[in-house]
Amino acid sequence: MFGRRVLYLPGFFSYAQYIVKVDGKRGLFRGLSPRIVSSAISIVVRSKVKQQVELLSKKDDKQTSLRKVVQETSHEMIIQCLSRVATHPFHVMSVRCMAQFVGREVTYGGIFSSIVKILKEEGVAGFYVGLVPHVVGEVLFLWCCNLLAHFINTYAVDESFSQASAVRSYTKFVMGIAVSVLTYPFMLVADLMAVNNCGLAAGLPPHSPIFKSWLHCWNHLSQKGHLFRGSSFFFRRVPVISPPSIED
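Definitions and limits used
Residues numbered from 1 in each chain as written. Predicted model: local features only at pLDDT ≥ 70, side-chain atom pairs only at ≥ 80, totals over all residues. Heavy atoms only, no water. Helix = DSSP H or I, 4+ residues; strand = E, 2+ residues; numbered from the N terminus. Buried < 20%, exposed > 50% of the residue type's maximum accessible area, 1.4 Å probe, protein only. Contact = heavy atoms within 4.5 Å. Areas by Shrake-Rupley, 256 points an atom, 1.4 Å probe, with all protein chains shown as cover. Core = buried A, V, L, I, M, F, W, Y, C linked by side-chain atoms within 4.5 Å. Axes fitted to C-alpha atoms, helices over the stretch in contact; angles between N-to-C directions. Parallel < 35°, antiparallel > 145°, perpendicular 65-115°, else oblique. Left-handed = near helix turned anticlockwise from the far one by under 90°. Nonpolar A, V, L, I, M, F, W, Y, C, P; charged D, E, K, R; others polar.

1. A look at the overall build of the protein
The helix and strand tally for the protein stands at seven helices and two strands. In sequence order, the protein lays out its α and β elements as β-α-α-α-α-α-α-α-β. Here the protein holds 248 residues, and 33% of them are scored as buried. In the protein, the proportion of contacts linking residues at least 24 apart, taken out of those at least 6 apart, comes to 72%. Accessible area for the protein stands at about 16200 Å²; split by element, carbon and sulfur atoms hold 63% of it.

And the structure:
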């Protein structure tokens, strides 16, 4: 009667219980191996790139606080982008391992067999499906989070306030949570593109349309009102676009 119609979906624990019921506790750890490799590579790449960036960058003690934030964020962006390029193939493998649950496939097993399969069927490009929205989302997150935290700490937190230093220490953390909600659709689109039309049931009709590009996927989700699908662990809901027909 009031507001819009929404459909409430099961929460995180309901899905977890269902996975354990079907696959056992081992099913909760699908895609863990490529994710661990991805994290290890990310640590190494970020460390190496950070060292090079610090060597090449010029330190200027006279620069303003805003220019310092812009410079630091630019460095973080370079590090994050290169890290994402190096680790994205393993992210694709991890997502596909998890997506196999939908169609009960066993196509993607070990890391090496997954690499061979993707190379054989999709080529090198198959390792980087969904890379663009992932990078765009991470870059937007970095800039929005750092700039918002800087402006709040500079103009909103009063120096006369006794707990000013404590408030400033938490500003970036709080901004990170807020901005991550806004950039979530980019991560969702990246994950959907990683599975789309790869031969798994989860990425094929009727479970999913075939998308021509990540923008096509974005537009489809936007039209359905699903851009924030899966963003909540507990209160998960999707809008009902067309009300059900009532037969007399």
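Here the narrative resumes, following the displayed structure.
2. What about the nonpolar core?
Within the largest apolar cluster, 14 residues are counted, with the highest numbers of intra-cluster contacts made by Met93, Tyr108, Ile118, Val195, Cys198 and Leu200. Only α3 (65-103), α4 (111-122) and α6 (164-195) provide two or more residues apiece to this core. Of the residues forming this core, the biggest block, six residues, is contributed by α3. The contacts of Ile118, once residues within four sequence positions are left out, are Val92, Met93, Arg96, Tyr108, Gly123, Gly126 and Phe127.

3. Here's the deal with the packing of α6 against helix α7 (residues 214-224)
Packing of α6 against α7 brings their axes to within 10 Å, and their N-to-C directions diverge by 120°. The orientation of α6 with respect to α7, classified from their angle, is oblique. The hand of the α6/α7 crossing is right-handed. For the pair formed by α6 and α7, the contact residues are Pro185, Phe186, Leu188, Val189, Leu192 and Met193 on the first element and Trp214, Cys217, Trp218 and Leu221 on the second. A class-by-class count of the residues in the contact of α6 with α7 yields 10 nonpolar, no polar and no charged.

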